[in-house]
Amino acid sequence: MIHFLIFDGIMGMEGMGPAYGKPKPVGMVVVSDHPLSADAVASRMMGFRPGDIPHLKLAFLKGLGEIRLGKISIEPKDYIKWVNPFEPPPETFSLIFPDVVVYDKGSCSACLSTLMIFLQKYHNKLDNYRLSDQKIHIGIGKYIDPCPNGTILIGSCTSRLKHKGIFVGGCPPISSQIHQTLFP
Ligand code: SF4
């Protein structure tokens, strides 16, 4: 159980966080005795509405805590004047690897940014993972559809398909974790 939470927003990252976005100095720290409320307040300070963020809304609807800002005791009362809007993750992005097929349904920016970093670093070492079409197949996201045997499955969300391919767990897995699984 969490008794006290410190949310370090001294240096943030906007856009394709948590690894592939733009660093954003904010100089803010949020402390709270409830993690869900801390997330709600921090997201508001980043310019988002907590109720628009699916996992916060889901946690609230499941009774795990409060995200309605009017129901949370927040100090200082005029906190809103320090709101510092963040750029959201891009709606779409394209990979620059024509020989990579990505099956993505329901992934979040965390797995996508990990995948980008991993491909940039290790794409040229993946020849052993090419399938019969000579392409490298990668699956991410919680709603991913069935994909070919031998697909590299990135992130815990894909675990239900792990019998089909090479599974790298983690939420998100970090680039070195993927490397460790593929190149033991
Ligand atoms: S495994 Fe975690 S980080 Fe990756 S898509 Fe699923 S929820 Fe997002």
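For clarity, every value in this text was computed on a predicted model and none was experimentally measured.

**Student:** Explain the overall build of the chain here, please?
**Tutor:** Helix and strand counts for the chain come out as four helices and six strands. The N-to-C order of helical and strand elements in the chain reads β-β-α-α-β-α-β-β-β-α. Dimensions along the principal axes, computed over C-alpha positions, put the chain at roughly 60 × 35 × 30 Å. Residues counted as buried form 24% of the 184 residues belonging to the chain. Of the contacts formed within the chain by residues at least 6 apart in sequence, a portion of 48% connects residues at least 24 apart.

**Student:** I tried to follow the domain arrangement of the chain on my own but got confused; where do I start?
**Tutor:** The parts lose accessible area when they come together, and the size of an interface is often stated as this lost area. Here the chain is described as being made up of domain 1 (5-82) and domain 2 (100-182). Listed by partner, the interface residues are five residues for domain 1 and seven residues for domain 2. For the side of domain 1 that touches domain 2, the per-class residue count stands at four nonpolar, one polar and no charged.

**Student:** What is the right way to look at the nonpolar core in this model?
**Tutor:** Inside soluble globular proteins, nonpolar side chains tend to come together where they are buried. Grouped together as the largest cluster of nonpolar side chains are 16 residues, with contacts concentrated most on Cys111, Leu115, Ile138, Ile140 and Ile154. The element that contributes the greatest number of residues to this core is helix 3 (residues 109-122), accounting for six residues. Among residues more than four places away in sequence, those in contact with Ile138 are Val100, Val102, Leu115, Thr151, Ile152 and Ile154. Of all hydrophobic cores here, the second largest spans eight residues; its members include Leu36, Ala38, Ala40 and Leu56.

**Student:** Help me understand the sheet that holds strand 3 (residues 100-104), please; the structure alone is not making it clear to me.
**Tutor:** One key point about sheets: their strands pair by backbone hydrogen bonds, in either a parallel or an antiparallel sense. Spatially, the four strands line up as an open sheet ordered 3-4-5-6, and their pairing is parallel. Bordering the open sheet on either side are strand 3 and strand 6 (166-168), each of which pairs with just one other strand. Taking the axes of each pair of neighbouring strands and ignoring which way they run, one obtains an average angle of 20° across the sheet. In terms of strand pairing, strand 5 (residues 152-154) meets strand 6 through three bridges, oriented parallel. Following the sheet pairing, Ile152 is matched in strand 6 by Ile166. Sitting on the sheet, helix 4 (residues 175-182) is in contact with strand 5 and strand 6, with an inclination near 150° to strand 6.

**Student:** Quick question: what am I supposed to make of the packing of helix 1 (residues 35-45) against helix 2 (residues 54-61) here?
**Tutor:** Here helix 1 crosses helix 2 at 145°, and the two axes come no closer than 11 Å. You can see that helix 1 and helix 2 cross each other, and the crossing is left-handed. Residues Leu36, Asp39, Ala40 and Ser43 of helix 1 pack against Leu56, Ala59 and Phe60 of helix 2. Across the contact of helix 1 with helix 2, the residue classes tally to five nonpolar, one polar and one charged.

**Student:** I would appreciate a short explanation of the site of the ligand in the present structure.
**Tutor:** Taken together, the neighbourhood of the ligand is formed by Ser107, Cys108, Ala110, Cys111, Ile140, Gly141, Lys142, Gly155, Ser156, Cys157, Cys171 and Pro172. Classifying every residue of the shell around the ligand gives seven nonpolar, four polar and one charged.

**Student:** What should I look at first to understand helix 3 in this one?
**Tutor:** When the terminal C-alpha atoms of helix 3 are compared, their 20 Å separation across 14 residues agrees well with the 20 Å that a helix rising 1.5 Å per residue should span. For helix 3, the full list of buried residues reads Ser109, Ala110, Cys111, Leu112, Ser113, Thr114, Leu115, Phe118 and Leu119. Where helix 3 is buried, its residues contact strand 3, strand 4 (136-140), strand 5 and helix 4.

Conventions used here
Residues numbered from 1 in each chain as written. Predicted model: local features only at pLDDT ≥ 70, side-chain atom pairs only at ≥ 80, totals over all residues. Helix = DSSP H or I, 4+ residues; strand = E, 2+ residues; numbered from the N terminus. Buried ≥ 20, exposed ≤ 12 C-beta atoms within 10 Å, placed from the backbone. Contact = placed C-beta atoms within 7 Å. Domains from an automatic or database assignment. Nonpolar A, V, L, I, M, F, W, Y, C, P; charged D, E, K, R; others polar. Core = buried A, V, L, I, M, F, W, Y, C linked by C-beta atoms within 7 Å. Pairing = 2+ DSSP bridges. Axes fitted to C-alpha atoms, helices over the stretch in contact; angles between N-to-C directions. Left-handed = near helix turned anticlockwise from the far one by under 90°. Near = placed C-beta within 6 Å. Expected span 1.5 Å × (residues − 1).

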